[in-house]
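Overview (structure and organization)
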Amino acid sequence: MSISQLHYRYDRVQPHWFTRLLLSGGWGRVARWVLLVVVAAVAQGVWANRLRIGMATPDFPLIVLACLAILTNPNTAAWAGFLTGLLHASMLEQTVGSLIISRTLAATVVAYLPLLLSRQHWLSVVPAVIALTLLAQGILYLAAPAVAGSAFWQGTLWSMVYNIGLAIPSCWLIQRIVPPELDEESFLWNN
Amino acid sequence: MKRRRWTWLTLAALGLILGVYHNHRVRHGEVNPLTALIRGLILPLQRSAYSATEGAEQFFATLTQAHQALRDHENLLLENALLKQELERLKALETENESLRNLLNLRAQLPNEWVGCRIMSTYLQPGQQTVIIDRGVRDGVLAGAPVVAGDGLLGVVERADKNASIVRMLTAPRMAVSAKVLNAQKISIGVCEGRGENRLLLNFIPPEAPLQVGDRVATAGLGGKYPPNLPIGVVEQIWYDRQYSVKKAWVRPAVDFERLSVALVKRGK
């Protein structure tokens with residue numbers, strides 16, 4: 001049988017793209033990071049204010065997003081950023097587009113940090129948290145400028161300091177749920 | 001394979017579309033079904049987490065503050081007795097008021113209905129300043145209802161779902177309320193504006209108005225959105241704006257936004 005005839009037979013029996021998507025595997029991993037993002041969104045409303053220290057409040061969605069960005073690949077980080085922004089915006093019922101776009105873009109950029117840092121190192125999450133916080137809030141500020149810019153950035157910087165304190169134990173915990181990808185798998189475009 | 005490179009771009013474009021759609025719905029006074037659905041999923045989880053946290057806090061408070069609680073209990077009993085006497089006196093006054101109104105052929109004022117609520121979620125980051133309460137349309141709460149907490153005006157209901165409502169705090173950006181400054185010499189009218197930070201800007205005070213640090217600020221009740229005489233805060237700093245020829249002041253809010261647990265929301269028509 002010629003090659004063209006083999007191709008013809010293959011295309012005829014190839015399953016629907018949706019079937020192929022369902023059977024592609026890796027849904028367990030997807031469910032885990034989705035669960036982490038949802039838990040962070042719930043925790044932000046209930047516990048963030050209770051854990052306030054002076055002017056600093058934690059930002060659980062950004063911490064989780066930074067850990068996911070550095071442990072997975074840019075595609076997963078983009079989706080996680082999208083979901084994080086969407087959940088946060090839904091609870092606030094304001095700046096919906098700005099929150100989604102800022103988190104998506106920031107998470108995608110931070111997901112490329114493992115090109116410079118080793119994701120296996122326990123300190124690598126700290127620059128990820130710093131970069132993600134500044135990028136996400138910076139894009140949010142550009143898209144939806146706050147009336148009082150100084151108060152916005154003051155709150156952001158204090159929140160970033162708090163997030164740095166929680167970053168390492170959070171990353172340790174998240175690694176148990178979403179194990180880090182191997183470096184050679186993360187940036188292959190056929191992954 | 002090339003499509004995977006542009007996942008972030010596709011998602012960002014989708015976010016932009018969702019944002020435009022949301023603004024379109026809000027501008028027409030309609031609910032965004034997507035965000036309402038997500039809130040319907042997240043809020044029960046937050047409610048459970050809040051209940052669990054409250055239970056744990058009360059358990060530890062019982063252990064550590066029992067002695068203080070007993071003392072507070074005695075003080076509250078005494079205060080309760082005094083308040084009961086005051087209530088009886090006010091009831092008598094109300095009866096007299098009603099009979100006088102009947103005499104003057106006035107329509108009886110509809111009583112304002114305030115219902116207690118718990119604050120389930122708090123978002124205090126600058127520019128957000130939002131809380132979520134556990135009263136919604138099912139309890140008679142509508143969008144635009146004022147919310148008070150302890151010492152003063154907390155904010156207004158922005159979106160009322162079935163069992164919960166989103167309350168925009170007075171300190172949130174683009175929030176404004178007509179206010180009056182309770183100065184001993186003269187009462188002045190202005191506007192208290194939220195700016196996304198922990199203080200309010202008192203604006204449009206006439207330059208000749210006698211304004212002093214420490215003056216109390218309350219709602220003026222103009223426009224009918226907020227009831228009059230609800231405490232807003234205390235004047236902290238005053239200056240004169242030459243550009244607009246008005247006096248302005250920073251106002252420290254009466255409500256302690258960091259310690260919110262319960263509030264009152266007005267049930268409206």
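The text that follows walks through the structure, step by step, so that each part is easy to find. (Residues numbered from 1 in each chain as written. Chains lettered and ligands numbered in written order. Predicted model: local features only at pLDDT ≥ 70, side-chain atom pairs only at ≥ 80, totals over all residues. Heavy atoms only, no water.)

Moving on: the overall build of chain B. For chain B, the helix and strand inventory stands at 4 helices and 12 strands. Dimensions of chain B, computed from C-alpha atoms along their principal axes, come out at roughly 80 × 55 × 45 Å. Put simply, chain B has 269 residues, and 39% of those count as buried. Contacts in chain B between residues far apart in sequence, at least 24 positions, make up 56% of those at least 6 positions apart. When the accessible surface of chain B is split by element, carbon and sulfur atoms take 56% of a total near 16,100 Å². Of the side chains in chain B, 35 bear a positive and 25 a negative charge, and the two mean positions are spaced by 11 Å. (Helix = DSSP H or I, 4+ residues; strand = E, 2+ residues; numbered from the N terminus. Buried < 20%, exposed > 50% of the residue type's maximum accessible area, 1.4 Å probe, protein only. Contact = heavy atoms within 4.5 Å. Areas by Shrake-Rupley, 256 points an atom, 1.4 Å probe, with all protein chains shown as cover. Lys, Arg positive; Asp, Glu negative; His and termini not counted. Charge placed at Lys NZ, Arg CZ, Asp CG, Glu CD.)

How big an interface is tends to be expressed through the accessible area that disappears when the partners come together. Taken together, the 40 residues of chain A in the interface contact 49 residues of chain B. Counting across the chain A and chain B interface gives 4 salt bridges. One salt bridge connects B:Glu54 with A:Arg50, and the closest N-O pair in it is separated by 3.6 Å. Summed over the shared surface of chain A and chain B, the result is 11 residue pairs in polar contact (both at pLDDT 80 or more). The set of elements that each furnish at least two residues to the side of chain A that touches chain B consists of helix H3 (27-47), helix H5 (74-92), helix H6 (96-110) and helix H8 (149-177) of chain A. In terms of residue class, the side of chain A that touches chain B is made up of 22 nonpolar, 14 polar and 4 charged. (Salt bridge = Lys/Arg side-chain N within 4 Å of Asp/Glu carboxyl O. Polar contact = N/O pair within 3.5 Å; in protein donor to acceptor, adjacent residues only side chain to side chain. Nonpolar A, V, L, I, M, F, W, Y, C, P; charged D, E, K, R; others polar.)

What follows covers the pairing of strand E10 (residues 231-241) of chain B. A regular strand places its side chains on the two faces of the sheet in alternate fashion. Residue and element names in this part refer to chain B. Bridging between strand E9 (residues 216-219) and E10 involves 3 bridges; their strand directions are antiparallel. Its bridge partner being in E10, Val217 is matched across the sheet by Gly233. In this structure, the hairpin formed by E10 and strand E11 (residues 246-253) is closed by a connection of 4 residues, where Ser245 is found at a positive phi of approximately 55°. (Pairing = 2+ DSSP bridges.)

All names here are of chain A. Residues Met55, Trp158 and Val161 make up a contiguous nonpolar surface patch of roughly 300 Å² in combined accessible area. Within the fold, Met55 resides in the loop between H3 and helix H4 (60-71). Take Met55: its relative accessible area is 43%, and that puts it in the partly exposed class. (Patch = residues over 30% accessible without salt bridge, like charges linked within 9 Å, V, L, I, M, F, W, Y side chains within 5 Å.)

What follows is about the sheet that holds strand E12 (residues 262-267) of chain B. All names here are of chain B. With antiparallel pairing, 6 strands are arranged side by side around a closed barrel as E1-E2-E5-E4-E3-E12. Pairwise comparison of adjacent strand axes, ignoring direction, gives a mean angle of 40° for this sheet. Examined bridge by bridge, strand E1 (residues 113-123) and strand E2 (residues 130-133) share 4 bridges and lie antiparallel to one another. Residue pairing in the sheet places Thr122 in a bridge with Val131 of E2. Most of the contacts of helix H3 (residues 33-64) go to E1, to which it runs at about 95°, and overall it touches E1, E2, strand E4 (152-160) and strand E5 (165-169). (Axes fitted to C-alpha atoms, helices over the stretch in contact; angles between N-to-C directions.)

What follows covers the environment of B:Lys162. Inspection of the secondary structure puts B:Lys162 in the loop between E4 and E5. Among residues more than four places away in sequence, those in contact with B:Lys162 are B:Gly136, B:Val137 and B:Arg138.

On to the packing of H4(A) against H5(A), then. Residues and elements named next belong to chain A. Here H4 crosses H5 at 170°, and the two axes come no closer than 9 Å. By the angle class used here, H4 and H5 are roughly antiparallel. Packed against H4, whose contacting residues are Pro61, Leu65, Leu68 and Ala69, the element H5 presents Ala77, Ala80, Gly81 and Thr84 at the interface. Considering only residue class, the contact of H4 with H5 consists of 6 nonpolar, 2 polar and no charged. (Parallel < 35°, antiparallel > 145°, perpendicular 65-115°, else oblique.)

Here the focus is H3(A). With 21 residues, H3(A) extends 29 Å between its outermost C-alpha atoms, agreeing within 8% with the 30 Å of an ideal straight helix rising 1.5 Å per residue. The complete set of buried residues in H3(A) reads A:Trp33, A:Leu36, A:Val37, A:Ala40, A:Ala41, A:Val42, A:Ala43, A:Gln44, A:Gly45 and A:Val46. Buried positions along H3(A) lie against H4, H5 and H8 of chain A together with H3 and E1 of chain B. (Expected span 1.5 Å × (residues − 1).)

Unusually for a residue other than glycine, A:Glu93 sits at a positive phi of about 55°. The topology assignment puts A:Glu93 in the loop between H5 and H6. Look at A:Glu93 and you get buried, because its relative accessible area is 3%. One non-glycine residue, B:Asn229, adopts positive backbone phi at about 65°. Looking at where B:Asn229 falls in the secondary structure, it is placed in the loop between E9 and E10.

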